[in-house]
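The primary structure of each chain is shown beneath.
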Amino acid sequence: MIRTVPTKPFDDQKPGTSGLRKKVPEFQQPNYVENFVQSIFDALDGFAGKTLVLGGDGRFYNREVIQKVLAIAAANGFGKVMVGQGGILSTPAASNVIRKYKAFGGIILSASHNPGGPKEDFGIKYNVENGGPAPEKITNAIFAKSKTISQYRIADIGGIDIDKPGTVEAGGMTIEVIDPVKDYAELMESLFDFNALRRLFESGFRMRFDSMHAVTGPYAKEIFERRLGAADGTCRNFRPLPDFGGHHPDPNLVHAKHLYDEMMSPAAPDFGAASDGDGDRNLIIGKGIFVTPSDSLALLCANATVAPAYKKGLAGIARSMPTSGAADRVAEKLGIGIYETPTGWKFFGNLLDAGMATICGEESSGTGSNHIREKDGLWAVLLWLSILAARGESVKEIVEKHWATYGRNYYSRHDYEEVEASRANALIDELRGKLASLPATTVRGLTVEKADDFSYHDPVDGSVSEHQGIRILFKGGSRLVLRLSGTGTVGATLRLYIERYEADPAKHDIETQEALADLIAAADDIAGIRKHTGRDKPSVIT
Ligand code: VG1
Ligand code: CO
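Residues numbered from 1 in each chain as written. Chains lettered and ligands numbered in written order. Predicted model: local features only at pLDDT ≥ 70, side-chain atom pairs only at ≥ 80, totals over all residues. Heavy atoms only, no water.

A. Just the site of ligand 1, in detail. Every one of the 20 residues lining ligand 1 counts as a neighbour, but Thr17, His113, Ser485, Gly486 and Thr487 are closest to it. The side chain of Asp276 places a nitrogen or oxygen atom 3.0 Å from an oxygen atom of ligand 1. Here an oxygen atom of ligand 1 and a side-chain polar atom of Ser485 are 2.6 Å apart. The residue makeup of the shell around ligand 1, split by class, is no nonpolar, ten polar and ten charged. (Near = heavy atom within 4 Å. Polar contact = N/O pair within 3.5 Å; in protein donor to acceptor, adjacent residues only side chain to side chain. Nonpolar A, V, L, I, M, F, W, Y, C, P; charged D, E, K, R; others polar.)

Shown next, in the form of structure tokens:
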């Protein structure tokens, strides 16, 4: 029943910021998926007889890969696979299932916010037993195995019916098809005061939640409309589609513009939110106000004690380096630790496990807490709702009061997508070369205080991660960060992060791009973005 199949390595199976992401036709090459899955197992030890969790965001090719992983897991000696019904598990739900059932680890099939379809993106990611993304030590080992692999093991178990809940035996392994929503909804109910949230909706509070035809649809329907009594129609685009209806399931001001427009209109509901392909990101928009993810993180931390799970306060806050310093000001006021990590959720795992951080966040719309080891879109929405219920104020009032108390960190990210890789690398190399000469120079009236290539020293395991983004820090606290994306599948994406701190409440209502205009110009002067990319403007501004 178990076959050993000879194979040849592919040289491009290096996991990026969050797993291996490629175009579907690349994953469809003979042995491509098999090689990578076998390489994951080859990089791990001690899973014989143990449980693996398996699910994905439902995108094109999800079902086929689920079957392959089941067959390879059986042949490699796993005792059991818990698979989400229909092959579905949001990233946060998978993290929860791994933790709750003490599984050995999990495989999540997703390319997150990237588009889906026969010619679009697919992804495979491995999560470890704490429920979080594999740390670099393991992703590096997987990549190393993928470069020398000569065979994979696969069991002939036929097609497994993953739509019928229950348990079957196949290839000497147990396969349990689980309800993807139930455990997750229970977890949310244990963290938040659902009675208070029900009263909020009973009082006429109106919300719009957009699942962007991705994985959170069934979760949102169950939690908001069924358990919390939000009006029918609160959830939009809640049917997961393999191609996300032809859109990017990226909850930002470009791809969720319809939600933004609605929230800026006179008929706007009280609260608008959206999530991404695999359900770990969130977009928050109040009536007449977009909340930047960095501000959202700060606000959630400042108000977290309204929710039962955080009643006793936070141990610390962690944010990725490019995320704005708004959360730092909250940490300072609360007298708790603040940690700055490289981009990607895998760097938060140690801090959460060690009890050093309770809430973590990234500027890319990811926020989460120690309830799991992934960022969690619906969790962020529920915490926002808890704050709105407790404070009885609008999103706009809450945000403006926050700025008045802490000051405002104007913040924006400019993405230059699908730039030729060699040109993007040349930009970064050139910039790196002149870092040492930047301090004390003045650009557009801004004096450089410090310029470096961020390297992270993990305070828990001592590991060091270098080249995690170039920082140019100016006198007065403004800052530019430049790095290349590790999740794209075509060419290179250059990300420019721009931040300026403004303490004066009289200057808190400037349009963001205008408030940052000098810094944006300085970025081009210093890094030669137009010259190197050949573009005169970014493809996406968030
Ligand atoms: C991006 C974001 C990063 C996030 C990662 C995965 O990475 O910047 O903050 O953790 O996506 O998010 P990069 O390397 O492209 O900048 V998800 O929701 O796509 O799994
Ligand atoms: Co995601």
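Structure's up, so let's keep going.
B. Structural context of the packing of helix 10 (residues 293-303) against helix 11 (residues 326-334). Between helix 10 and helix 11, the shortest axis-to-axis distance is 7 Å and the interhelical angle comes to 15°. The angle between helix 10 and helix 11 falls in the class roughly parallel. In the crossing of helix 10 with helix 11, the sense of the turn from one axis to the other is right-handed. Note on element contacts: helix 11 touches helix 10 through Ala326, Ala327, Val330 and Leu334, opposite Ser294, Asp295, Leu297, Ala298, Cys301 and Ala302. Its residues assigned to classes, the contact of helix 10 with helix 11 comprises eight nonpolar, one polar and one charged. (Axes fitted to C-alpha atoms, helices over the stretch in contact; angles between N-to-C directions. Helix = DSSP H or I, 4+ residues; strand = E, 2+ residues; numbered from the N terminus. Parallel < 35°, antiparallel > 145°, perpendicular 65-115°, else oblique. Left-handed = near helix turned anticlockwise from the far one by under 90°. Contact = heavy atoms within 4.5 Å.)

C. Here's a closer look at the side chain of Lys221. Locating Lys221 in the fold gives a position in helix 8 (residues 217-227). For Lys221, a relative accessible area of 17% translates into the label buried. Beyond its immediate stretch of four places on either side in the chain, Lys221 contacts Arg226, Cys235 and Phe238. (Buried < 20%, exposed > 50% of the residue type's maximum accessible area, 1.4 Å probe, protein only.)

D. View of helix 5 (residues 136-148). In this model helix 5 runs 19 Å from its N-terminal to its C-terminal C-alpha over 13 residues, within 8% of the 18 Å that 1.5 Å per residue would give. Along helix 5, the residues classified as buried are Ile138, Thr139, Ile142, Phe143 and Ser146. Buried residues of helix 5, seen end-on, are gathered within an arc of 140° and therefore sit on one face of the element. Along helix 5, the residues that are exposed and aim more than 90 degrees away from the buried face are Lys137 and Thr148. Where helix 5 is buried, its residues touch helix 2 (32-42) and strand 6 (121-127). (Expected span 1.5 Å × (residues − 1). Arc of directions from axis to C-beta.)

E. Layout of the packing of helix 4 (residues 91-100) against helix 6 (residues 182-191). Running from amino to carboxyl end, helix 4 crosses helix 6 at an angle of 85°, the nearest separation of the two axes being 9 Å. Between helix 4 and helix 6, the angle falls in the class roughly perpendicular. Counting all contacts with helix 4, which are made through Pro92, Ala93, Asn96, Val97 and Lys100, the residues of helix 6 involved are Asp183, Tyr184, Glu186 and Leu187. Class assignment of the residues belonging to the contact of helix 4 with helix 6 gives a composition of five nonpolar, one polar and three charged.

F. Representation of the sheet that holds strand 15 (residues 316-320) in the model. Across the sheet, which stays open at both edges, the four strands sit in the order 16-15-17-18 with mixed pairing between neighbours. In the strand order of this sheet, the two ends are held by strand 16 (337-341) and strand 18 (366-369), each with one partner. Sheet twist, expressed as the mean angle between neighbouring strand axes with direction ignored, is 15°. Relative to strand 18, strand 17 (residues 359-362) runs antiparallel, the two sharing four bridges. Its bridge partner being in strand 18, Ile359 is matched across the sheet by Ser369. (Pairing = 2+ DSSP bridges.)

Shape is all these values report; function is a separate question.
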